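# Coordinate analysis (summary)
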Protein chains: 2
Amino acid sequence: MTVAGYLAVDSGGSGLRVAVGVPGRAPSAQRETREPVRTGARGIDPADLMTRLVPLARELAARAGVDELGTAVIGAAGFATLGDALRAELPGALARELGVARAALAADAVTAYAGALGTRPGAVLAGGTGLIAIGTDLTAWRRADGWGHLLGDCGSGAWIGRAGLEAALRAHDGRDGGSGPLLRCAEERFGPVRGLPGLVYPRTDRPAVLASFAPLVAECAAHDPVAADILRAAARHMADSAAAVCPADGRPEVALTGGLSRMGDALMVPLREELARRLPHARQVLPEGDPLHGAVRIATELAAGRLTLPGEPAMLHVVAATVRDRTKPDGYRSPAPSPNRRAR
Amino acid sequence: MTVAGYLAVDSGGSGLRVAVGVPGRAPSAQRETREPVRTGARGIDPADLMTRLVPLARELAARAGVDELGTAVIGAAGFATLGDALRAELPGALARELGVARAALAADAVTAYAGALGTRPGAVLAGGTGLIAIGTDLTAWRRADGWGHLLGDCGSGAWIGRAGLEAALRAHDGRDGGSGPLLRCAEERFGPVRGLPGLVYPRTDRPAVLASFAPLVAECAAHDPVAADILRAAARHMADSAAAVCPADGRPEVALTGGLSRMGDALMVPLREELARRLPHARQVLPEGDPLHGAVRIATELAAGRLTLPGEPAMLHVVAATVRDRTKPDGYRSPAPSPNRRAR
């Protein structure tokens, strides 16, 4: 008897996470790589993704005792804006190289959602260095924020860290709104603050540098009202985003996922209060799992033909990945996509 | 009879402005270049500055009928943190190449101060894309903010523009704190907002891109309370910085200089109110002139041996630029600097 399995992928800024298993069960084999998929002029590069993915998928399938990867779900950071080439080429390539029959390509926000809440209606705050809110009533997706550290990501790790450093420098200058404790923390972490611009501006990972200060803001909050105010403001911003995407009716669930959920009570207590105030009809829950778990959840539903999350080209792109002609290596065509329809 | 003159320079991000004249009088000849002085591993490059400056200075001296450039004042953006090589080499080079006997090297904030208030005690807000406050009681300099668009520059053009774009995106997302008028302005200026991250993040002049939206925030403020609140908050931040550097006693003057002063009443009315509230003992004045005028003011005082602005290595570095040995081209030595002392 052939064992039919799934391939679940979470492609993010720090690399690929890949899992193989049998629908309805947790992954039997899992691995991750340390290098992110290349982004070029055409957006996320499908050939580069396949080059990294294929050997891993084959190895994991063998380890898991899976004969056929019938279903594949690929969640990718940047998919909404940089996913055109993936949508055009990945389903065909997955069919050709790995024999995939059904594929779903998803924004990482969607896999984060499915990882946290499965296929139930609600809102998920995905917060780490950045912050995006995603919600659904199971007929459409709504997104809020996720605009990056200069235009938004309000309440994110970069936002909290930046606000903490501003308060440190206000204390240094003798301006109002400064915090001596945050100034001491900043000097312990980064050295004399006169050197701070030189440590931040030349870097290409400026948001990550800012976010690296966020845990110290949380540590200070117990005894420093300025730090506590920063976290309270972050919680308000996060609740603004959750409220913009959460279904207005019924009993939706709301969850926080990502690195920000490890900031401790200094952020979690005001966040719970702000969410209760803004979304009294919603139930605050802990996330079931992470984005890779979300890809597994989607794969299981897709394999069973009962995926109830809404399809949308930029968010969750579901296709039957068929190979037109196995005899001509160059004759493969991407299957006709079925955007904006639920895959059932 | 020899006509002894001065050389005044304002070196900034958009190029060099150079003036030659006779002490006590406005410049007789003036020119500007469109290319900024190069900054390298050693900071602002003194050789590059001299290469650009010397032919201009000679041409202007000839035009102005000045036989001897006895006094030179060079105000340079970045001098406080990137001025080591200038301090070490420029006085000698000015003596050698242009016969300069007395030189002052200054941070652009100091020339902005002298341009606005001359040598009287007070506080100057220098605001454009960025924002720094500088003040003196004539015994020491105080600075506040000027930390750049991620760590501070609170109330600057970049700060106002960034806040305006955040409010536009809040409206787009349906988050609290959004402004429909600012969203319409942002789409007129930048196109559909989904493309905004792609227009901002890849640029190296991100602060200038953000600041380009500030005048539109000011335009909206007449009929949009969100835009008006942004400018009120900017005015509060500016007053925070002015209050941190303004002398606490006497009757200091306070002025705003730079591009931000052209934002109109939408910013100026709340700024005047905030300054009056925070610094009731200070007199709000219009600036006399710009940073090049400030360099001319300092040159005139220096030539007369009565410069009363405080010397400080990172702010206003005054030296007697002497040439040790005119017969040996390689034997020139920089004169011994006399930092931290007033030049009298």
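About the thresholds
Residues numbered from 1 in each chain as written. Chains lettered and ligands numbered in written order. Predicted model: local features only at pLDDT ≥ 70, side-chain atom pairs only at ≥ 80, totals over all residues. Heavy atoms only, no water. Pairing = 2+ DSSP bridges. Helix = DSSP H or I, 4+ residues; strand = E, 2+ residues; numbered from the N terminus. Axes fitted to C-alpha atoms, helices over the stretch in contact; angles between N-to-C directions. Contact = heavy atoms within 4.5 Å. pLDDT = per-residue confidence, 0-100. Buried area = accessible area lost by both parts, 1.4 Å probe. Polar contact = N/O pair within 3.5 Å; in protein donor to acceptor, adjacent residues only side chain to side chain. Domains from an automatic or database assignment. Least-squares fit on C-alpha atoms with pLDDT ≥ 70 in both. UniProt positions renumbered as here; feature names shortened; annotations may be inferred. Parallel < 35°, antiparallel > 145°, perpendicular 65-115°, else oblique. Nonpolar A, V, L, I, M, F, W, Y, C, P; charged D, E, K, R; others polar. Salt bridge = Lys/Arg side-chain N within 4 Å of Asp/Glu carboxyl O. Left-handed = near helix turned anticlockwise from the far one by under 90°.

Named according to an unreviewed UniProt entry, chain A is ATPase originating from Streptomyces misionensis.

Residue and element names in this part refer to chain A. Pairing is mixed in the open sheet, where six strands are placed in the order β3-β2-β1-β6-β7-β13. Looking at the sheet topology across the chains shown, the edges are occupied by β3 (29–32) and β13 (316–320). If you compare each strand with its neighbour and ignore which way they point, the axes differ by 10 degrees on average. As defined by bridge partners, strand β1 (residues 4–12) adjoins strand β6 (residues 68–76) across eight bridges and the pair is classed as parallel. By the bridge assignment for β6, A4 is matched with E68. Together, β1, β2 (15–21), β3 and β6 form the strand contacts of helix α1 (residues 46–64), whose direction differs from that of β2 by roughly 30 degrees. In the packing of helix α12 (residues 291–303) onto the sheet, the strands contacted are β1, β2, β3, β6, β7 (102–107) and β13, and the crossing angle to β1 comes to about 145 degrees.

Residues and elements named next belong to chain A. Averaged over chain A, the pLDDT score is 91; the fraction of residues at 70 or greater is 93%. Below a pLDDT of 50 lies the segment residues 322–344, which in the model reaches 39 contacts outside its immediate sequence neighbourhood of four places, other chains included. With a pTM of 0.87, the predicted complex shows an ipTM of 0.87.

It is worth spelling out the interface of chain A and chain B at this point. Counting residues at the interface gives 33 residues for chain A, matched by 33 residues for chain B. Between chain A and chain B, roughly 3200 Å² of surface is buried when both sides are summed, and carbon and sulfur atoms account for 58% of that area. In terms of surface lost to chain B, no three residues of chain A exceed W147, L150 and L151 of chain A, which account for 29% of the buried area on that side. At the surface where chain A touches chain B, the tally comes to 24 residue pairs in polar contact (both at pLDDT 80 or more). Elements represented by at least two residues in the side of chain A that touches chain B include exactly β10 (141–145), α5 (157–173), α7 (196–200), α8 (206–211) and α10 (225–245) of chain A.

Attention shifts here to the domain arrangement of chain A. All names here are of chain A. By the assigned domains, chain A splits into domain 1 (5–118 + 290–320) and domain 2 (122–284). Between the C-alpha centres of domain 1 and domain 2 the distance comes to 29 Å. Contacts between domain 1 and domain 2 engage 13 residues on the former and 16 residues on the latter. Roughly 1300 Å² of surface becomes buried between domain 1 and domain 2 when both sides are summed, with 76% attributable to carbon and sulfur atoms. Contact with domain 2 buries area across many residues of domain 1, yet Y113, L117 and P310 alone supply 44% of it, more than any other trio. At the junction of domain 1 and domain 2, the tally comes to three residue pairs in polar contact (both at pLDDT 80 or more). Considering each element in turn, the side of domain 1 that touches domain 2 owes the most residues, six residues, to helix α4 (residues 108–117).

The transform that puts chain A on chain B rotates by 180 degrees and translates by 0.0 Å along the axis, for an RMSD of 0.0 Å. Taken together, the turn and the small shift mark the pair as related by a two-fold rotation axis. Among all residues of chain A, the one whose C-alpha sits closest to the rotation axis is L150 of chain A, at a distance of 4.0 Å. The share of interface residues of chain A whose copies in chain B are also at the interface is 100%, consistent with both copies meeting through the same surface.

Here the focus is the UniProt feature "domain: ATPase BadF/BadG/BcrA/BcrD type" (unreviewed entry) in chain A. The sites that UniProt annotates as "domain: ATPase BadF/BadG/BcrA/BcrD type" (unreviewed entry) are residues 58–298 of chain A. Segment residues 58–298 of chain A splits into 52% helix and 16% strand. End C-alpha atoms: 21 Å apart.

Once that is clear, we can look at the sheet that holds strand β10 (residues 141–145) of chain B. All names here are of chain B. With respect to topology, five strands assemble into an open sheet ordered β10-β9-β8-β11-β12, the strand pairing being mixed. Strands at the two margins of the open sheet, each flanked by one partner only, are β10 and β12 (283–284). Contacting β8 (122–127), β9 (131–136), β10 and β11 (253–257), helix α10 (residues 225–245) runs over the sheet at an angle of about 25 degrees to β9.

All names here are of chain B. The contact between helix α5 (residues 157–173) and helix α6 (residues 180–190) brings their axes to 8 Å, and the two run at 105 degrees. The orientation of α5 with respect to α6, classified from their angle, is roughly perpendicular. Listed contacts from α6 to G164, L165, A167, A168, A171 and H172 of α5 are G180, L182, L183, A186 and F190. The residue makeup of the contact of α5 with α6, split by class, is eight nonpolar, three polar and no charged.

It is possible for side chains of opposite charge to pair when their charged atoms get near one another. Scanning the entire structure with this criterion turns up 54 salt bridges over all chains. Salt-bridge contacts for D48 of chain A lead to R52 of chain A; the nearest nitrogen and oxygen are separated by 3.0 Å. Note that D48 of chain A and R52 of chain A are positioned in helix α1 at a spacing of four residues, about one turn of the helix. The salt bridge partner of E288 of chain A is R120 of chain A, with a shortest N-O separation of 3.1 Å. A residue pair is termed long-range when its members are at least 10 positions apart, and E288 of chain A in the loop between β12 (283–284) and α12 and R120 of chain A in the loop between α4 and β8 (122–127) qualify at 168 residues. Members of the salt-bridge network, linked through shared partners, are R162, E166, R170 and D176 of chain A together with D240 and R278 of chain B.

Below, the discussion takes up the side chain of E253 of chain B. One can find E253 of chain B in strand β11. The contact partners of E253 of chain B, leaving out residues within four places of it in the chain, are L117, R120, P121, G122, A123, R283 and V285 of chain B.

Attention shifts here to the packing of α10 of chain A against helix α11 (residues 265–278) of chain A. All names here are of chain A. Orientation of α10 relative to α11, taken along the N-to-C sense of each, is 40 degrees, at an axis distance of 8 Å. Here α10 lies oblique to α11, going by the angle between them. Handedness of the crossing formed by α10 with α11: right-handed. Residues L231, R232, A234, A235, R236, M238, A239, D240, A242 and A243 of α10 touch α11, and the partners they reach there are A266, L267, P270, L271, E273, E274, L275 and R278. Class assignment for the residues of the contact of α10 with α11 results in 12 nonpolar, no polar and six charged.

Residue and element names in this part refer to chain A. Along the polypeptide, A64 turns up in helix α1. Between the C-alpha atom of A64 and that of A19, which follows or precedes it by 45 residues, the distance is 9.6 Å. Discounting chain neighbours no more than four positions away, the residues touching A64 are V20, S28 and A29.

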